[in-house]
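# Structural features, examined
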Amino acid sequence: MQSVIPASFVSQVSRQNRNSERDRNIIAAIFSALLIVLLIMALALPNWYKLKGGGCTRQVLGTGEFFYISSVESLTVPANDRNISYSKLAYYRVKADMKNCLTQEILRSQRSIIGLCFLTISFSFCQFYFDIAGVKNKSLKYARRYGLGSILSVVAIVIIIGLCYYVSDQMEQQQEMTKLYPATRVEVTFGEIGMCQCC
C-alpha cells in the first residue's frame, strides 16, 4: 500500500521551515561566538596590568593573582613627623611577591571585573543560542530580534573598561605609597597587552 501525504501538510512543513530560517541569524551568532572566545582568551591572559616603579615586585598582574585568600596588614608611612596609616594592604600568604601590590578595594574591584566578564560571556552565549536556534517564544523572539544579549554585553564591556581604569588608578596610588625611593616614577597601565584590548 502506498501512503499519501496530504498537500496541506507538506505546505505547512515547508512554511515552518521558512519561518525557522527567518528566525535564525547566523552572522550575529558568529559575532556572539567571537565575543565569547575573545572574553575567554582575555580571562586567560596573565598580564592585565603593567606595574613600574612602585613597591610591588611584580611587573605584571593578571586574573590568577586575584583568586587567592588574602591576609591583611596595615601600612604606616611617616610623613611630616607623624605617622599616617593608609588603607589596608592585601598580600598573600601563598605568594610573598604580592606584598605591596594590592589593597582590599583593588581586590574587590578586580573580582567584580572578573565576575562581569563571566556575566558578559553568559549574555553573549544566550544571544548566540537565540540566533542559532531561532526561538519560538514571543518574548524570546523579541529578545533575539532586538539583540538584547548583545546590547547587555556591550554595556557590561563598557563598565569593565571603566572599572579597569579605576583599578589601574588605585594601583598607581598604591604604588606611589609603597615606592622605595621618593624620586622613582610610578607607572601603571592596563589593556596594553591584556584584557581590555581584546574587548
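Look above for the structure.
Below is a short write-up of the structure. Keep in mind that this is a model prediction, so the values were computed, not measured.

What counts and how
Residues numbered from 1 in each chain as written. Predicted model: local features only at pLDDT ≥ 70, side-chain atom pairs only at ≥ 80, totals over all residues. Heavy atoms only, no water. Helix = DSSP H or I, 4+ residues; strand = E, 2+ residues; numbered from the N terminus. Buried < 20%, exposed > 50% of the residue type's maximum accessible area, 1.4 Å probe, protein only. Contact = heavy atoms within 4.5 Å. Areas by Shrake-Rupley, 256 points an atom, 1.4 Å probe, with all protein chains shown as cover. Core = buried A, V, L, I, M, F, W, Y, C linked by side-chain atoms within 4.5 Å. Pairing = 2+ DSSP bridges.

## Examining the overall build of the chain
- Scanning the chain from N- to C-terminus turns up 6 helices and 6 strands.
- Order of helices (α) and strands (β) in the chain, N terminus to C terminus: α-α-β-β-β-β-β-α-α-α-β-α.
- Within the span of the chain, comprising 199 residues, buried residues form 35% of the whole.
- The long-range share in the chain, meaning contacts at least 24 apart out of those at least 6 apart in sequence, stands at 67%.
- On the chain, roughly 12,200 Å² of surface is accessible, and the fraction owed to carbon and sulfur atoms is 61%.

## Here we look at the nonpolar core
- Of all hydrophobic cores here, the largest spans 23 residues; its most connected members are W48, Y49, F66, L102, I113 and M171.
- Breaking this core down by element, the ones donating at least two residues are α2 (26-44), β1 (49-52), α3 (104-133) and α5 (148-178).

## Here we look at the pairing of β1
- Only one face of β1 is buried, namely the one carrying Y49 and L51, since none of K50 and K52 on the opposite face is buried.
- Judged from the 2 bridges that link them, β1 and strand β2 (residues 60-61) form a sheet pairing that is antiparallel. From the neighbouring strand, K50 faces β2, where its bridge partner is V60.

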